[in-house]
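# What the coordinates show
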Amino acid sequence: MTETLTVLGVESSCDDTAAAVIRSNPGQTDILANVVEGQSTLHAPFGGVVPEIAARAHAERADLCVETALVAANIGLEEIDLIAVTSGPGLIGGVLSGVMCAEGIAAGLSIPLMGVNHLEGHALTPRLTDDLATPYLLLLVSGGHCQIIEVIAPGSYRRIGGSIDDAPGEAFDKIAKHLGLGYPGGPEVEREAANGDPLRFKLPRPLLDRPDCDMSFSGLKTAVRRECDKIVETKGGLSQADRADICASFQAAATEAMVEKTRRAMNLMIHDRGWPKGGRRLAVAGGVAANRSIRSSLEETANELGFSFTAPPLKLCTDNAAMIAWAAIERWRLGDRNPKVMARPRWPLDELAPPMLGGGKKGPRA
Ligand code: KG4
Ligand code: ZN
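Just so it is clear, the structure is predicted and the values come from calculations on it, not from any experiment. (Residues numbered from 1 in each chain as written. Chains lettered and ligands numbered in written order. Predicted model: local features only at pLDDT ≥ 70, side-chain atom pairs only at ≥ 80, totals over all residues. Heavy atoms only, no water.)

### Quick word on the domain arrangement of the chain
Segmentation of the chain into domains returns domain 1 (5-124 + 316-333) and domain 2 (134-314). In this structure, domain 1 and domain 2 have C-alpha centres spaced 27 Å apart. Here domain 1 packs against domain 2, burying approximately 1600 Å² in sum over the two surfaces, 64% of which is carbon and sulfur. When the area that domain 1 buries against domain 2 is broken down by residue, the three leading residues are Leu119, Ala123 and Cys317, summing to 34%. Applying the counting criterion to the domain 1 and domain 2 interface returns 0 salt bridges. On inspection of domain 1 and its partner domain 2, the count reaches 11 residue pairs in polar contact (both at pLDDT 80 or more). (Domains from an automatic or database assignment. Buried area = accessible area lost by both parts, 1.4 Å probe. Salt bridge = Lys/Arg side-chain N within 4 Å of Asp/Glu carboxyl O. Polar contact = N/O pair within 3.5 Å; in protein donor to acceptor, adjacent residues only side chain to side chain.)

### Remarks on the nonpolar core
Counting 49 residues, the largest nonpolar core has Leu137, Phe250 and Phe307 as its most contacted members. Put simply, the parts of the chain that give this core at least two residues each are strand S6 (136-141), strand S7 (146-153), helix H5 (168-178), helix H6 (185-193), helix H7 (218-235), helix H8 (240-271), strand S9 (281-285) and helix H9 (292-304). Looking at this core element by element, the count peaks at 12 residues for H8. Every residue in contact with Phe250, bar those within four places of it in the chain, is listed here: Ala171, Phe172, Ile175, Val189, Leu203, Leu220 and Val224. Grouped together as the second largest cluster of nonpolar side chains are 34 residues, Leu124, Val151, Ala285 and Ala328 included. (Core = buried A, V, L, I, M, F, W, Y, C linked by side-chain atoms within 4.5 Å. Buried < 20%, exposed > 50% of the residue type's maximum accessible area, 1.4 Å probe, protein only. Helix = DSSP H or I, 4+ residues; strand = E, 2+ residues; numbered from the N terminus. Contact = heavy atoms within 4.5 Å.)

### Focus: the environment of Trp326
Secondary-structure assignment places Trp326 in helix H11 (residues 322-333). Along the chain, Trp326 and Ile22 lie 304 residues apart, while their C-alpha atoms are 7.3 Å from each other. Among residues more than four places away in sequence, those in contact with Trp326 are Ile22, Ser24, Thr29, Leu124, Arg127 and Leu128.

### Notes on the coordination of the zinc ion (ligand 2)
When a metal carries six donors in an octahedron, the ideal angles between them are 90 or 180 degrees, while four donors in a tetrahedron ideally lie at 109.5 degrees. Around the zinc ion (ligand 2), the donor atoms from the protein are His118 (NE2), His122 (NE2) and Asp319 (OD), and they sit 2.1 to 2.2 Å away. A relative accessible area of 0% means that His118 is categorised as buried. A residue is classified by how much of its surface remains accessible, and Asp319, at 14% relative accessible area, is buried. (Donors = N, O, S within 2.8 Å, 3.2 Å for Na, K, Ca; no water.)

Listed below in structure tokens is the structure:
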């Protein structure tokens with residue numbers, strides 16, 4: 001195999017079926033195609049991801065997605081050197097659909113297949129988009145994940161903190177559902193929040209009284225629900241302004257919780273790890289990173305502490321297969337040749353860290 005690698009990535013761990021083609025040599029990487037088939041319309045009536053529906057949709061769409069990606073990349077299957085597939089963590093039915101699809105293609109072409117940790121895909125994306133040097137801190141916040149990870153080097157990660165219950169995206173989605181807004185809830189809540197008063201409701205800032213970098217969103221979500229119920233009891237329903245104020249107050253609380261814990265993690269890197277000026281880097285990934293209030297507060301705090309701030313473009317921040325193909329390339333270049341692909345619902349990036357508590361609607365926490 002030459003230094004240039006053309007890799008087909010497949011991702012199906014949650015509610016996006018995705019395929020991508022990346023061509024990379026050590027000095028230059030191009031994303032030739034990045035196809036994401038979302039399933040929002042299938043899950044919208046339920047206000048959240050239904051695992052069985054997701055698994056069926058992945059099984060039906062994975063090969064079509066691969067075909068679309070190959071056409072978009074304008075290459076034939078025979079030009080693919082390596083196949084990368086998410087083999088965990090995630091909803092096991094969906095993960096299995098992707099793994100079976102990728103195994104079939106790899107066997108048919110007699111080319112190697114690599115199972116990729118979905119979280120590693122997110123963690124290494126800033127190196128694909130911005131060639132970010134290691135080490136760096138990553139805040140990964142989506143509908144299924146909430147972790148602060150120290151990316152020491154590709155293949156070497158330390159979990160600094162994470163949510164002990166819901167992921168923040170999940171809280172945005174559930175609050176949107178409670179308010180009768182659309183799915184996914186994050187963008188809807190952000191839109192409402194733009195016209196609201198973030199100071200009207202005094203909502204908790206969970207776990208800020210603890211010195212660690214762990215977060216919690218379940219209690220915050222319940223507090224929001226209680227405020228809604230109080231208004232309904234007294235006024236008979238929520239006005240447009242009530243909804244906007246609730247969204248703004250919740251967004252402010254969630255932002256403060258995430259940003260404050262990330263600040264602590266940055267301080268830890270400065271004081272405990274001795275990250276020098278000029279070598280301090282923060283990156284963000286996951287769907288919640290689309291939120292402008294969260295993004296800008298993180299950037300401000302990073303600047304304050306002398307950290308650079310990297311936020312990959314949204315299409316590569318949310319679930320996609322380009323990040324899976326890229327993580328496989330990084331692993332391949334490290335000499336990793338792992339022909340055994342095992343679908344895993346749970347697969348922590350930092351194998352030494354104790355499991356976080358809680359389950360969550362999107363399966364066990366990694
Ligand atoms: O990374 P992603 O596409 O999929 C996973 O959950 O893994 O993230 C989707 C999540 C959803 O919960 C969605 O509500 C949230 O990201 N999200 C947002 C925003 N856009 C998407 N949350 C807050 N503000 C947003 N603008
Ligand atoms: Zn993800």
